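Here is what each chain is made of, one letter per residue.
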Amino acid sequence: MSSFALIVPLKSSVRGKSRILLPLAQRRALALAMAHDTVLAAAAAHGVDTVLVVAEDPADAAGFADLGAKVLIKAAPGLNEAIMSGAGWLAVGGWTGPVAVIPADLPFLQGTDLRDALQEASAQPSAVVADLAGTGTTVLTAVDGASLRPHFGSWSFAAHQRAGATAVPVPISSTVRWDVDTVADLGRSGSGSSLGPHSRAVLHPRWVEQRGRLSAAE
(Lines give C-alpha, C1' and ligand atoms only; values in the text may rest on other atoms or scores of the structure.)
Protein backbone atom coordinates (compact mmCIF):
# COMPACT_ATOMS: atom_id res chain seq x y z
CA MET A 1 0.00 0.00 0.00
CA SER A 2 1.30 3.46 -0.90
CA SER A 3 1.45 5.96 1.94
CA PHE A 4 -1.31 8.55 2.14
CA ALA A 5 -1.34 12.23 2.89
CA LEU A 6 -4.30 12.72 5.22
CA ILE A 7 -6.37 15.91 5.34
CA VAL A 8 -8.39 16.71 8.48
CA PRO A 9 -10.66 19.75 7.96
CA LEU A 10 -11.48 21.53 11.22
CA LYS A 11 -14.54 23.76 11.41
CA SER A 12 -14.31 26.65 13.88
CA SER A 13 -14.94 25.34 17.38
CA VAL A 14 -17.33 28.25 17.93
CA ARG A 15 -19.72 26.69 15.39
CA GLY A 16 -18.70 23.04 15.49
CA LYS A 17 -20.58 20.21 17.21
CA SER A 18 -23.70 22.30 17.84
CA ARG A 19 -25.77 19.14 18.46
CA ILE A 20 -23.74 18.37 21.59
CA LEU A 21 -25.74 20.03 24.34
CA LEU A 22 -23.10 21.72 26.44
CA PRO A 23 -22.26 25.32 27.29
CA LEU A 24 -20.20 26.91 24.54
CA ALA A 25 -16.86 26.81 26.37
CA GLN A 26 -17.24 23.10 27.19
CA ARG A 27 -18.47 22.25 23.71
CA ARG A 28 -15.50 24.05 22.15
CA ALA A 29 -13.11 22.23 24.46
CA LEU A 30 -14.65 18.88 23.58
CA ALA A 31 -14.64 19.57 19.83
CA LEU A 32 -10.94 20.42 19.93
CA ALA A 33 -10.14 17.47 22.17
CA MET A 34 -11.85 15.10 19.73
CA ALA A 35 -9.86 16.65 16.89
CA HIS A 36 -6.62 16.15 18.81
CA ASP A 37 -7.48 12.49 19.46
CA THR A 38 -8.32 12.01 15.79
CA VAL A 39 -4.97 13.46 14.71
CA LEU A 40 -3.06 11.57 17.40
CA ALA A 41 -4.34 8.22 16.10
CA ALA A 42 -4.00 9.18 12.44
CA ALA A 43 -0.41 10.36 12.76
CA ALA A 44 0.56 7.01 14.29
CA ALA A 45 -1.21 4.88 11.69
CA HIS A 46 0.85 2.74 9.34
CA GLY A 47 0.37 3.95 5.79
CA VAL A 48 -0.04 7.62 6.74
CA ASP A 49 2.89 9.76 5.66
CA THR A 50 1.53 13.23 6.42
CA VAL A 51 -1.39 14.58 8.42
CA LEU A 52 -2.56 18.06 7.46
CA VAL A 53 -5.07 19.88 9.66
CA VAL A 54 -6.90 22.62 7.76
CA ALA A 55 -8.16 24.90 10.51
CA GLU A 56 -10.74 27.60 9.89
CA ASP A 57 -9.94 29.49 13.10
CA PRO A 58 -6.31 30.29 14.03
CA ALA A 59 -7.30 30.03 17.69
CA ASP A 60 -8.06 26.33 17.16
CA ALA A 61 -4.72 25.44 15.60
CA ALA A 62 -2.62 25.09 18.77
CA GLY A 63 -1.30 21.67 19.72
CA PHE A 64 -1.62 19.82 16.43
CA ALA A 65 2.03 20.29 15.46
CA ASP A 66 3.01 18.64 18.75
CA LEU A 67 1.04 15.58 17.63
CA GLY A 68 3.03 15.30 14.39
CA ALA A 69 0.60 17.13 12.10
CA LYS A 70 1.12 20.03 9.74
CA VAL A 71 -1.34 22.91 10.03
CA LEU A 72 -2.86 25.14 7.37
CA ILE A 73 -5.00 28.10 8.47
CA LYS A 74 -7.69 28.65 5.87
CA ALA A 75 -10.91 30.54 6.50
CA ALA A 76 -12.73 28.60 3.78
CA PRO A 77 -16.53 28.93 3.39
CA GLY A 78 -17.09 25.22 4.07
CA LEU A 79 -15.48 21.83 4.67
CA ASN A 80 -15.26 20.95 0.99
CA GLU A 81 -13.47 24.19 0.19
CA ALA A 82 -11.12 23.62 3.14
CA ILE A 83 -10.32 20.12 1.87
CA MET A 84 -9.47 21.36 -1.60
CA SER A 85 -7.30 24.09 -0.09
CA GLY A 86 -5.46 21.36 1.79
CA ALA A 87 -5.05 19.28 -1.35
CA GLY A 88 -3.64 22.30 -3.16
CA TRP A 89 -1.23 23.00 -0.31
CA LEU A 90 0.01 19.40 -0.43
CA ALA A 91 0.54 19.62 -4.19
CA VAL A 92 2.53 22.84 -3.90
CA GLY A 93 4.69 21.09 -1.33
CA GLY A 94 5.44 18.31 -3.81
CA TRP A 95 3.02 15.59 -2.70
CA THR A 96 1.93 13.47 -5.69
CA GLY A 97 0.71 10.33 -3.92
CA PRO A 98 -2.72 9.25 -2.70
CA VAL A 99 -4.74 11.57 -0.49
CA ALA A 100 -7.36 10.74 2.14
CA VAL A 101 -9.79 12.87 4.10
CA ILE A 102 -11.20 12.10 7.54
CA PRO A 103 -13.39 14.30 9.76
CA ALA A 104 -12.08 15.79 13.00
CA ASP A 105 -14.65 14.00 15.17
CA LEU A 106 -13.26 10.48 15.46
CA PRO A 107 -12.12 10.44 19.12
CA PHE A 108 -12.34 6.64 19.33
CA LEU A 109 -10.08 6.16 16.30
CA GLN A 110 -7.48 3.40 16.45
CA GLY A 111 -4.52 3.58 14.09
CA THR A 112 -4.88 -0.06 13.12
CA ASP A 113 -8.48 0.51 12.00
CA LEU A 114 -7.43 3.47 9.89
CA ARG A 115 -4.60 1.44 8.38
CA ASP A 116 -7.01 -1.35 7.43
CA ALA A 117 -9.52 1.05 5.88
CA LEU A 118 -6.84 2.81 3.85
CA GLN A 119 -5.50 -0.50 2.66
CA GLU A 120 -8.94 -1.47 1.38
CA ALA A 121 -9.40 1.95 -0.18
CA SER A 122 -6.03 1.87 -1.93
CA ALA A 123 -7.34 -0.73 -4.38
CA GLN A 124 -9.70 1.90 -5.87
CA PRO A 125 -9.02 5.18 -7.72
CA SER A 126 -11.39 6.81 -5.25
CA ALA A 127 -13.06 5.23 -2.23
CA VAL A 128 -15.47 6.20 0.53
CA VAL A 129 -16.31 4.78 3.97
CA ALA A 130 -19.69 5.39 5.61
CA ASP A 131 -20.28 6.41 9.20
CA LEU A 132 -22.28 4.08 11.46
CA ALA A 133 -25.57 5.59 10.29
CA GLY A 134 -24.65 4.76 6.69
CA THR A 135 -25.39 8.27 5.47
CA GLY A 136 -22.29 10.30 6.32
CA THR A 137 -18.64 9.89 5.32
CA THR A 138 -15.70 9.15 7.60
CA VAL A 139 -13.04 8.39 4.96
CA LEU A 140 -12.70 9.67 1.41
CA THR A 141 -9.69 8.80 -0.74
CA ALA A 142 -8.32 9.58 -4.19
CA VAL A 143 -5.19 8.65 -6.12
CA ASP A 144 -3.98 12.25 -5.74
CA GLY A 145 -5.18 15.61 -4.52
CA ALA A 146 -6.33 16.78 -7.93
CA SER A 147 -8.68 13.78 -8.13
CA LEU A 148 -10.43 14.49 -4.83
CA ARG A 149 -14.15 15.20 -5.19
CA PRO A 150 -15.34 16.09 -1.67
CA HIS A 151 -19.07 16.38 -1.09
CA PHE A 152 -19.25 16.52 2.70
CA GLY A 153 -22.58 17.58 4.12
CA SER A 154 -25.99 15.91 4.39
CA TRP A 155 -26.10 12.43 2.85
CA SER A 156 -22.46 12.70 1.84
CA PHE A 157 -21.92 8.94 1.53
CA ALA A 158 -24.34 8.72 -1.40
CA ALA A 159 -23.04 12.00 -2.83
CA HIS A 160 -19.48 10.68 -2.85
CA GLN A 161 -20.59 7.52 -4.62
CA ARG A 162 -22.39 9.57 -7.24
CA ALA A 163 -19.15 11.50 -7.72
CA GLY A 164 -17.31 8.27 -8.52
CA ALA A 165 -16.03 6.96 -5.19
CA THR A 166 -16.33 3.22 -4.54
CA ALA A 167 -17.86 2.20 -1.21
CA VAL A 168 -15.41 0.24 0.95
CA PRO A 169 -17.06 -2.40 3.19
CA VAL A 170 -15.50 -1.48 6.53
CA PRO A 171 -17.19 -3.34 9.43
CA ILE A 172 -19.26 -1.42 11.96
CA SER A 173 -16.83 -2.53 14.67
CA SER A 174 -14.13 -0.36 13.08
CA THR A 175 -13.50 2.88 14.96
CA VAL A 176 -13.01 4.55 11.58
CA ARG A 177 -16.82 4.68 11.40
CA TRP A 178 -17.41 6.03 14.92
CA ASP A 179 -17.87 9.75 14.42
CA VAL A 180 -19.40 11.80 17.23
CA ASP A 181 -22.25 14.22 16.57
CA THR A 182 -24.33 13.92 19.76
CA VAL A 183 -23.89 13.10 23.43
CA ALA A 184 -25.27 9.62 22.79
CA ASP A 185 -22.40 8.89 20.41
CA LEU A 186 -19.95 9.26 23.31
CA GLY A 187 -21.54 6.16 24.89
CA ARG A 188 -19.69 3.91 22.46
CA SER A 189 -16.85 3.75 24.97
CA GLY A 190 -18.47 0.59 26.30
CA SER A 191 -18.04 -1.18 22.95
CA GLY A 192 -14.47 -2.38 23.38
CA SER A 193 -12.65 0.83 22.42
CA SER A 194 -12.24 3.89 24.56
CA LEU A 195 -12.19 7.60 23.93
CA GLY A 196 -8.83 9.12 23.24
CA PRO A 197 -6.92 10.80 26.08
CA HIS A 198 -7.72 14.39 25.12
CA SER A 199 -11.46 13.75 25.03
CA ARG A 200 -11.40 11.86 28.32
CA ALA A 201 -9.54 14.73 29.94
CA VAL A 202 -12.24 17.31 29.17
CA LEU A 203 -15.27 15.19 30.09
CA HIS A 204 -16.19 15.77 33.71
CA PRO A 205 -17.15 12.44 35.36
CA ARG A 206 -20.45 13.81 36.65
CA TRP A 207 -21.36 15.01 33.17
CA VAL A 208 -20.48 11.62 31.71
CA GLU A 209 -22.84 9.97 34.21
CA GLN A 210 -25.62 12.35 33.19
CA ARG A 211 -25.18 12.02 29.44
CA GLY A 212 -28.22 9.76 29.17
CA ARG A 213 -30.49 12.63 30.22
CA LEU A 214 -28.76 14.98 27.80
CA SER A 215 -29.12 12.41 25.04
CA ALA A 216 -32.86 12.22 25.66
CA ALA A 217 -33.06 15.99 25.29
CA GLU A 218 -31.51 15.72 21.83
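Here's what I pulled together on the structure shown here. (Residues numbered from 1 in each chain as written. Predicted model: local features only at pLDDT ≥ 70, side-chain atom pairs only at ≥ 80, totals over all residues. Heavy atoms only, no water.)

## Quick look at the overall build of the protein
And then number 1: Scanning the protein for helices and strands turns up 7 helices and 7 strands.
And then number 2: Listing each helix as α and each strand as β along the protein from the N terminus yields β-α-β-β-α-β-α-β-β-α-β-α-α-α.
And then number 3: For a compact globule of 218 residues, the expected C-alpha radius of gyration is about 17 Å, and the protein comes in at 16 Å, within 12% of that figure.
And then number 4: For the protein, the C-alpha atoms occupy an extent of roughly 50 × 35 × 30 Å along the three principal directions. (Helix = DSSP H or I, 4+ residues; strand = E, 2+ residues; numbered from the N terminus. Rg over C-alpha atoms; globule rule 2.2 N^0.38 Å.)

## Focus: the environment of D37
And then number 1: As for its placement among the helices and strands, D37 is situated in helix α1 (residues 24-43).
And then number 2: Overall, D37 belongs to the buried group, its relative accessible area being 3%.
And then number 3: Here the alpha-carbon distance between D37 and R200, two residues 163 residues apart in the chain, equals 9.7 Å.
And then number 4: Each residue touching D37, except ones within four places of it in the same chain, is listed here: P107, G196, P197, H198 and S199.
And then number 5: Within polar-contact distance, the side chain of D37 engages the side chain of H198 at 2.8 Å. (Buried < 20%, exposed > 50% of the residue type's maximum accessible area, 1.4 Å probe, protein only. Contact = heavy atoms within 4.5 Å. Polar contact = N/O pair within 3.5 Å; in protein donor to acceptor, adjacent residues only side chain to side chain.)

## Details of the nonpolar core
And then number 1: Ranked by size, the top nonpolar core spans 33 residues in total, and within it L6, L10, V39, V51, I102 and L114 carry the most contacts.
And then number 2: At the level of elements, β1 (4-10), α1, β2 (48-55), α3 (111-121) and β5 (126-130) are the ones that each hand at least two residues to this core.
And then number 3: L72, V99, L148 and F152 belong to the second largest nonpolar core, which has 20 residues in total. (Core = buried A, V, L, I, M, F, W, Y, C linked by side-chain atoms within 4.5 Å.)

## Some words on the environment of V170
And then number 1: Relative to the helices and strands, V170 is located in the loop between β7 (166-167) and α5 (197-202).
And then number 2: When its relative accessible area of 9% is taken as the criterion, V170 is described as buried.
And then number 3: Separated by 26 residues in sequence, V170 and D144 have C-alpha atoms that sit 22 Å apart.
And then number 4: Apart from the residues lying within four places of it in its own chain, the contact partners of V170 are A117, V129 and R177.

## Observations concerning the sheet that holds β5
And then number 1: Reading across from one edge, β3-β2-β1-β4-β6-β5-β7 is the order of the 7 strands in this open sheet, with mixed pairing throughout. Two strands lie at the open edges of the sheet, namely β3 (70-73) and β7, each paired on one side alone.
And then number 2: Direction of pairing for β1 relative to β2: parallel, over a ladder of 7 bridges. Across the sheet, residue L10 finds its bridge partner in β2, namely A55.
And then number 3: Where helix α2 (residues 79-92) meets the sheet, it contacts β1, β2, β3 and β4 (99-101), and its direction lies at approximately 145 degrees from that of β1.
And then number 4: Set on the sheet, α3 makes contact with β1, β2, β4, β5 and β6 (137-142); between it and β6 the angle comes to about 45 degrees. (Pairing = 2+ DSSP bridges. Axes fitted to C-alpha atoms, helices over the stretch in contact; angles between N-to-C directions.)

## Considerations on the side chain of D131
And then number 1: Inspection of the secondary structure puts D131 in the loop between β5 and β6.
And then number 2: Side-chain polar atoms of D131 contact the backbone nitrogen of T135, separated by 3.2 Å.
And then number 3: Setting aside its immediate chain neighbours within four residues, D131 contacts G136, T137, T138, R177 and D179.

## Description of the pattern of salt bridges
And then number 1: Tallied over the full model, the rule gives 3 salt bridges.
And then number 2: D60 is the partner of R28 in a salt bridge, and the nearest nitrogen-oxygen pair spans 3.7 Å. Remark: D60 occurs in the loop between β2 and β3 and R28 occurs in helix α1; sequence separation between them is 32 residues.
And then number 3: What makes D60 buried here is its relative accessible area of 2%. (Salt bridge = Lys/Arg side-chain N within 4 Å of Asp/Glu carboxyl O.)

## A short note on the packing of aromatic side chains
Aromatic ring pairs are reported here in terms of the distance separating the ring centres and the angle at which the planes meet.
And then number 1: On inspection of all chains with the given rule, the structure shows 1 aromatic pair.
And then number 2: Relative to W178, the ring of F108 lies with its centre 5.6 Å away and its plane at 75 degrees, an arrangement referred to as edge-to-face. Placement of the pair is F108 in the loop between β4 and α3 and W178 in the loop between β7 and α5, with a sequence separation of 70 residues.
And then number 3: With a relative accessible area of 0%, F108 lands in the buried category.
And then number 4: By relative accessible area, which is 5% here, W178 ends up buried. (Phe/Tyr/Trp six-rings, centres within 6.5 Å; stacked < 30°, edge-to-face > 60°.)

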